[in-house]
Amino acid sequence: MIETFGSPSQATYWFIQGRILFLVLHFLGVACFAYIVAKRMIPLMRAERDFRFDHPWTRLGRVLQFWLGQWRHPRYRTAGTIHILIFAGFIVLVMRAFFVLSLGTSSSSAMPGLPGRAGHIYGIIQAYAATVVFLCMIVAAVRRLVFKPARYAVPSRYGKAHTADAIFLLGLIAILMAADSLFEASRAAAQAQQGREVEFLAVLSLPWIFKAALTAAPLPVLSTLYLGAYLIHDLAFFFLLCYRPFGIQFHVETSLFSIYFAKLNRGTIKPVRWGVPDAQLDQVKSFGVKTFEDFTWKHMLDFYSCADCGRCSDNCPANAVGRPLSPRFITTKARDYCFTHYPVLGSANNGTPLIGGIYSEDEIWSCTTCGACEAECPLLVEYIDKIVDLRRGMVDDGKVPQSLQKPLKALESRGNPYGKMEKKRAEWVKAKEFQQTCSVKVLNGKQDTDTLYFVDSITSYDDRIQAIGRATAKILSSTGENFGILGASEKDSGHDVRRFGEETLFMALRDQNVEAIKASGVKRIVTADPHAFNALKHDYRDVPPVEHISQVIAREVKAGKIKLNPVENENDVYAYHDPCYLGRHNQVYDDPRDVLDAIPGLKRVEMTRSRDRSFCCGGGGLALFYEPKEDQRMGVKRVQMAVEAGANVIVTACPFCMVNMEDAIKVAGMEGKMTAIDLAELVERQMVREEPPERRLQAELPAPLGRL
Amino acid sequence: MEILVCARRVPDTSENEIELNAAGNDIERDDLVYSINEPDNYAVEEALQIVERAGGNVTVATVGGEDDEEILRREMAMGAKNGVLISDDAFSGSDGKGIATILKAFVEKNHFDLILTGVQAEDAGAQVGGMLAAMLDYPFASLVNAIEVLDGGKLKISREIEGGNKEMNEIDLPCVLSIQTGINEPRYVGMRGIRQVASVPIPTLGAADLGVEGAVGGAAAKVKRVDYFAPPLGKGAEMLGGSREEIIDKLIEMLKAKGGLK
Amino acid sequence: MPRIFAYIVHKGGVPDDSAAELPAAAKKIDAAQSPTAVVTGWGADLDAACETLRASYGEVWKIANEGLAYPNAELVRKALVKVLPQGSVLLLPHAHFGVDLSPGLSIKMNAAFVSDVLDIEGAEGMSLKLVRQEFGGQVSTHVRCDISSGAVINIRPGAFKPLEGAPAGGVLVDKSSAAGELTARRRYLETVAAEAGAVDITKYKVLVSVGRGIEEADNVPLAQDLADALGGAVSCSRPVVDAKWMEKSRQVGSSGQTVKPKVYMACGISGSFQHLAGIKGNPFMVAINKNPKAPIFRVADVGIVDDILEFFPELTSKIREN
């Protein structure tokens, strides 16, 4: 080879002129990549439609926040920092890569780059970027091989570990950085030896270090290194480009799109079929996802975009208690299925059923739709819609566990999952002592009431939970609210009927409720049930605005309309448990805390897992009927977390959380050491009243521990 | 295999409180919800599983009135090919033998390899299956909790007997079996499924269509329900009252006395 | 009045408890007659059973046939049709054999059939007034049965108390030849015994029995704790087995085990007769149920209206304290 430190395009590589070699290489590389991507797009063409082209500015804003801003990454500090550095490095290096690659095909020998000062500054930045990326590769590899974070582990039923693939990719990127740096360094070393002007290399950057090592190397060696590094860089670049769509690294290309097209309206479930209104659903032959092609293109894009980071499963309560569900593998199994059935080389072969194939029925029924996975994923991969769609498919085929069939039949015939009579839905207001001090109006279509208290099924029918209803009613009365309940004409909100895949039944319940709500003429709705809250807010249309009772109480306390007495027992330590459908799904984190903090003398601690990292109690609605295979109850784990935080009282603001917490306290043998109380019950107990204290009804509320 | 399942619509008793009505001559039916008798549902599921393995069709029939059509539609949504409502004023008031006579006429107008009924209904006498078999001269087995189709027009069946034991029998087709709950896990059918079969016609057959021989209807019934009444309380249990603590103390005393405590 | 017969179910040469109960029922149909026992079977077992019956029945009809060594209802029916006189009234226990035999038999005998009878209030001519239950025992009904051309009546086991002072020295009549050749299109193969569970509930003197009220498998340990404190075992009713919360071997009832404990705690159990049929020996029965109207309270000795999930832990800890 001629000793040249100009453009590799002028050099000769094994009798081929550089320019031609690289032109061919680049062309092949790009063509290969284009072909692979085209093949990867085929299943998306066959997928169900998904309407994701609305609100372009909002979507762009989210791209800035989550893609460019790497917003979710710092939630895992170490890995997050490493990734932010790598990502920033890649962004910086895009231009550098372009310059380096074009050098191989250009007819001139001048190194392309930014002009003048800008070029200088960029030269420094990109050198450090490459160095940082290179170092991150080493750190990442060490993490994988030595420290082995638990969330990367692959349970045996899902196959082999992914470590080899991870190391391979880290190695390739490291090679890419090293090759580029070596390319630069060898030329700089040659320039120094030849007495030419040495281009400035950022101090302690990788190229700088290589140059320092190569200062004394003979020119022919440097030339070989120079041209060799360039070739390796080129090969590595295009190999990576074409390799990425075969694994988790595809997220480098697809993440921009998965974030841009991510779901905007959290809280509700996708329609059975986009573009098909409810009235026409009878004509849809098959509901839900049964084969791979039933997924929408965005869901398939999600499968491509998963980076296998394991953060979702790390936060999944079902996974934590040993249920057969691990969200990470829902995605990777689907992706592997897609790669197998829609190969780059070869023809596509059509769908086999997913349930009974890559997924088991129990796996899909195990989800409580808590949303922890979605809150965690840096790529905004969606899970709940997919699980619901898979459930819709199973419901359509009649594959519903027997334990769920009974409450579903009861919901169909009686409007509540217990099968109790409609006329008894408002019996809770007639509890003798309660009725004497608080009368609750049952709305009957006379349109003379402002506010509807939507009670929902568990609060209406469950002996223990009725106390939450009564406490809520007393609070609303005390603030002079003109409110009423629907009584027998109220049906279950259907929130979990929908999330368990029974869309038709959900629509029937929803339509009946909407009719009753409209007939009542109310202008706003209040509920103490976060599932009902979420349904009325997001699943229902054309209903008045809805609030959760914690929001009402917070407002009234701040306005001074509710005054709270100091706690009886100053030794009690309270921990607030964020219900999934109040907290994570609707971002109501502070109102309940403000209320608790307004109670004089109340000691409150935060559990490690709080706010959007709260740990699901076990699920509500139909989840209470499902019998999962698990090592432990979610509620028991949560109670243990409260103990770890130093609390002896768990406060929650959801009837289902209450059932699960009280159950867990019993099962864990913690009676006497831990109590659970609902926020409304606590406020009602502490509320300063106009009447003399003797009339306070203490009998039905769980006594604070100080009295035991 | 052509399979007939004889079904019955009954009040849903799981959470319904069955009480006497004000007049004291019937149960209070105002707030009741009805559904297919649970063992009959298991029978339909079993029939569907048999034809899924061995080919054929499932027909579900009921003797009743318009209101009873809903259970036929539900079972057709589950997968039964045909639903038949057998209805005629002349049939009303029939006892078990009358209903079996009516069903015999229906069976003779068709060809069925296997006839299934539920083992019993909440408000009936666990008899129609056995009677129908005797009238048709088909072999019969009750309390069936497993069915295996054998070659040569035979079935191997298991009957539930005491102690959780299983009585294994071989039975020739055509035969009649009464099915016990728990034989399988019935598939789910919801509103959507029913809507999908909403327009499938369900024929109604009357006395003339069937050419029923033998006496049916109230006049011919040898067994007639006369009234409903609240079961006599008898001595009943001594109900313990007071706070839970007091109850527990009393109970422990009693257990000690009766040798229940060491 | 037609002649009354009592079909005797026996196993291993020993007649069922119903053998002592059926004569009480027969007396209520016709106080003037004692029923004739009808026994089918083969060999030494049949002979032993007949001998025992002679001590309590005035007349015992024996039908011995090799095909009847195992009581195959299809064959038994054919034998009875040939042996029993037209227009007879035949009483059987309402259990898994009676349910299998009686409906078809009534057709072949052209007789009326009533199942699961709890009481017989008398006869007006050829019309019997009987008591049955519906809806799991929530309501009772009176039923009239025309016995002018005979009847087959299944009597609920345990509904009739055995009579005092049975007529002894019963006459044994061999009717085997009248039965003749017997064939049927249903053939008995074998009996598969239920899998033995880890715990044999029939061996315990104290049983804490749970029903639907236990609500889920995870709550069973609460019952186990109580059983441990009492030195007993946990048993259950059928719905608990159907829901797979406990094994079949724990089930007490007509399709489960028969138990004879000293103390039986029926917790969250409604009290269906199929369950109660498995409890013998008149134990001290404590019923705990959320529903004050649960039928179990009619048969228990002591009743407590409470939620077993709350009651159990408190009772257990109180017992441990003592």
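All of these numbers come straight from a predicted model, not from anything done at the bench. (Residues numbered from 1 in each chain as written. Chains lettered and ligands numbered in written order. Predicted model: local features only at pLDDT ≥ 70, side-chain atom pairs only at ≥ 80, totals over all residues.)

Right, let's talk about the sheet that holds strand β9 (residues 127–134) of chain C for a bit. One open sheet accounts for four strands, arranged β12(B)-β10(C)-β9(C)-β8(C); its pairing is antiparallel. In the strand order of this sheet, the two ends are held by β12 (223–229) of chain B together with β8 (119–124) of chain C, each with one partner. On average, each strand axis in the sheet is inclined to that of its neighbour by 25°, with strand direction left out of account. Relative to strand β10 (residues 139–146) of chain C, β12(B) runs antiparallel, the two sharing six bridges. Each bridged residue has a counterpart across the sheet, and for Phe229(B) the counterpart in β10(C) is Ser140(C). (Pairing = 2+ DSSP bridges. Helix = DSSP H or I, 4+ residues; strand = E, 2+ residues; numbered from the N terminus. Axes fitted to C-alpha atoms, helices over the stretch in contact; angles between N-to-C directions.)

Right, let's talk about the nonpolar core for a bit. One finds Val5(B) and Leu91(C) to be the most contacted residues of the largest nonpolar core, which totals 265 residues. The residues contacting Val5(B), other than those within four sequence positions of it, are Asp40(B), Ala43(B), Val44(B), Ala47(B), Val58(B), Val60(B) and Leu116(B). By size, the runner-up hydrophobic cluster in this structure holds 54 residues, among which are Val206(C), Val241(C), Ala287(C) and Ile319(C). (Core = buried A, V, L, I, M, F, W, Y, C linked by C-beta atoms within 7 Å. Buried ≥ 20, exposed ≤ 12 C-beta atoms within 10 Å, placed from the backbone. Contact = placed C-beta atoms within 7 Å.)

What follows deals with the interface of chain B and chain C. Taken together, the contact between chain B and chain C spans 64 residues of the former and 67 residues of the latter. When residues of the side of chain B that touches chain C are traced back to their parent elements, those giving at least two are α4 (128–136), β7 (140–150), β9 (166–172), β12, β13 (238–239) and α8 (244–257) of chain B. Class assignment for the residues of the side of chain B that touches chain C results in 32 nonpolar, 16 polar and 16 charged. Where β13(B) and strand β18 (residues 302–305) of chain C come together, two bridges link them in parallel fashion. Bridged to Glu238(B) within β18(C) is Val302(C). (Nonpolar A, V, L, I, M, F, W, Y, C, P; charged D, E, K, R; others polar.)

To continue, consider the domain arrangement of chain C. All names here are of chain C. Domain boundaries in chain C define domain 1 (4–179) and domain 2 (201–321). When each unit is reduced to the centre of its C-alpha atoms, the spacing between domain 1 and domain 2 is 32 Å. Counting from both sides, the interface comprises seven residues of domain 1 and, opposite them, seven residues of domain 2. The residue makeup of the side of domain 1 that touches domain 2, split by class, is two nonpolar, four polar and one charged. (Domains from an automatic or database assignment.)

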